[in-house]
Amino acid sequence: MNVIDSVIQTSNQLIHCHIPDKKCYGTFIYRLHTVADRKPMWDQLRDIHAKTNGPWIILGDFNSILSAGDRINVEPVHQQELADFQCCIDDIRIGQITKRRCQFSWSNKRDVEDRIYSHIDWTFGNPDWFQIYAGIEAVYMLLGVSDHSPIVLNTEGISMFRICRRLKMLEIQTKNIHKEYSSIDKKLENLRIKLETIQRALNDDYFNPILIEEEKLIIKLIENWDAVQERNNRITEPEQIQQEFINFFKKLLGEATYTLPGIDINIARDNPTLTLEQQQSLLNPVT
């Protein structure tokens, strides 16, 4: 199944493409940091809007807020910072797709005094999108070790978030089947579960100093154990290295065979060949 069949337009801040499975268009955003740098992007979205006929979804990291309530624990938000985004939304006639779960999509994950939460990752649709896919929701997942919330779309009437949860429960129920489930895997799984619990609590108490410190500690532990796991996955045993070489050259040169095609003797005789002296030199011991 091809999710995307053609890329229509690209820039340093967006990729616009056709999505055949949903018979729609999608624009994926990764915006630059300053108001001035983002201005060309708004014009690009206006241009795409003028050329697009049919359902259109726009999502990603806009690095912009739409209202003062989309960011907390910083200096007051100025209207100038919001104006370009708001005007573009009005001009291209898009609306926010129903949002679930996390209120804020980004955090710098610093200490209490310097910690910032903001909603800068957005999911929008045009009128044709809402006419056909009105029931689709955007689920903002917990941050995990990232500073952005992954956005998961409900595309089949049952949210992918629910599917992920069911798969996770199935994994927990069947993990005893895997006899070689490593201790590092267990540590990482337990740490990620603990991180999820902490971040759920932070969603109700954004500036709890104890939870913030615990989150920072758990993220550091996950990063450390991830590094250990990566090192352990490297081949170090001589027998493993030997087998890896054998497998590599088997793929490169092929397997042994009982019959080999012979050379054309006439071609061999009619072309330059080694002299008798050269043939004898090949038999000499290597020094």
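First things first, this report covers the structure right here in the doc. Predicted, not measured: the structure shown is a model, and the values here were computed from it. (Residues numbered from 1 in each chain as written. Predicted model: local features only at pLDDT ≥ 70, side-chain atom pairs only at ≥ 80, totals over all residues. Heavy atoms only, no water.)

### Details of the overall build of the chain
To keep it simple, the criterion reads: Helix and strand labels come from DSSP, where a helix needs a run of H or I of at least four residues and a strand needs a run of E of at least two; each type is numbered from the N terminus. Exposure classes here rest on a 1.4 Å probe applied to the protein chains alone. A residue is buried below 20% of its type maximum, exposed above 50%, and partly exposed in between. Contacts are residue-level and defined by heavy atoms, with any inter-residue pair within 4.5 Å sufficient. Computed with the Shrake-Rupley method and a 1.4 Å probe, the accessible areas treat only the protein chains shown as cover for residues.
When helices and strands are tallied, the chain shows 9 helices and 12 strands. A total of 287 residues make up the chain; the buried ones form 31% of that total. Counted over contacts in the chain with a minimum sequence separation of 6, partners at least 24 positions apart contribute 61%. Looking at the chain as shown, the accessible area adds up to about 19,100 Å², and 55% of this sits on carbon and sulfur atoms.

### With respect to the sheet that holds strand E3 (residues 24-30)
Note the threshold: Any two strands with at least two DSSP bridges between them are considered paired.
Strands sit in the order E1-E2-E3-E4-E10-E6 across an open sheet of 6 strands; the sheet is mixed. Whereas interior strands pair on both sides, the edge strands pair on one side only; in this sheet they are strand E1 (6-10) and strand E6 (95-96). Pairing geometry for E6 and strand E10 (residues 121-125), over 2 bridges, is antiparallel. The partner of Gln96 across the bridge, within E10, is Phe124.

### Side note on helix H1 (residues 35-51)
Where we set the bar: By this rule the span expected of a helix is its residue count minus one, scaled by 1.5 Å. The directions considered for the arc run from the helix axis to the C-beta atoms.
Over its 17 residues, H1 extends 25 Å from the first C-alpha to the last, a length consistent with the 24 Å expected when each residue adds 1.5 Å. Within H1, burial applies to Arg38, Met41, Trp42, Leu45 and Ile48. Projected down its long axis, H1 shows its buried positions confined to an angular sector of 125°, all on one face. Exposed side of H1, more than 90 degrees from the buried face: Ala36, Ala50 and Lys51 are the residues found there.

### Examining the packing of aromatic side chains
Here a ring pair, both rings aromatic, is described through the centre-centre distance and the interplanar angle of the planes. The test is simple: Working definition: rings of Phe, Tyr and Trp (its six-membered ring) pair if their centres are within 6.5 Å, and the pair is stacked with planes under 30 degrees apart, edge-to-face with planes over 60 apart, and tilted otherwise. Our definition puts a charge over a ring when NZ of Lys or CZ of Arg is within 6 Å of the ring centre and also within 35 degrees of the ring normal.
The full count for this structure, using the stated rule, is 11 aromatic pairs. The interplanar angle of 90° and the centroid separation of 6.0 Å between the aromatic rings of Phe85 and Phe124 together place this pair among those described as edge-to-face. Placement of Phe85 in helix H2 (residues 79-92) and of Phe124 in strand E10 is noted, with a sequence separation of 39 residues between them. The burial state of Phe85 is the same as that of Phe124; both residues are buried. The ring centre of Tyr140 lies 4.9 Å from the NZ or CZ of Lys99, which sits over that ring.

### Let's talk about the pairing of E1
Along any regular strand, the residues point their side chains to alternate faces of the sheet. Looking at chain direction, E1 and strand E2 (residues 14-19) are connected through 4 bridges and run antiparallel. What sits directly across from Gln9, in E2, is His16. The turn joining E1 and E2, which pair antiparallel and follow one another in sequence, is formed by 3 residues.

### Looking at the side chain of Ser149
Rule in force here: Distance and chemistry together define a polar contact, namely a pair of N or O atoms within 3.5 Å, with one atom able to donate a hydrogen and the other to accept it when in protein, and with adjacent residues in sequence counting only for side-chain atoms on both sides.
Relative to the helices and strands, Ser149 resides in the loop between strand E11 (138-140) and strand E12 (151-153). A polar contact is formed between the side chain of Ser149 and the backbone oxygen of Met141, at a distance of 3.1 Å. Discounting residues that sit within four places of it in the chain, Ser149 has contacts with Cys102, Phe104, Ser105, Tyr140, Met141 and Leu143.

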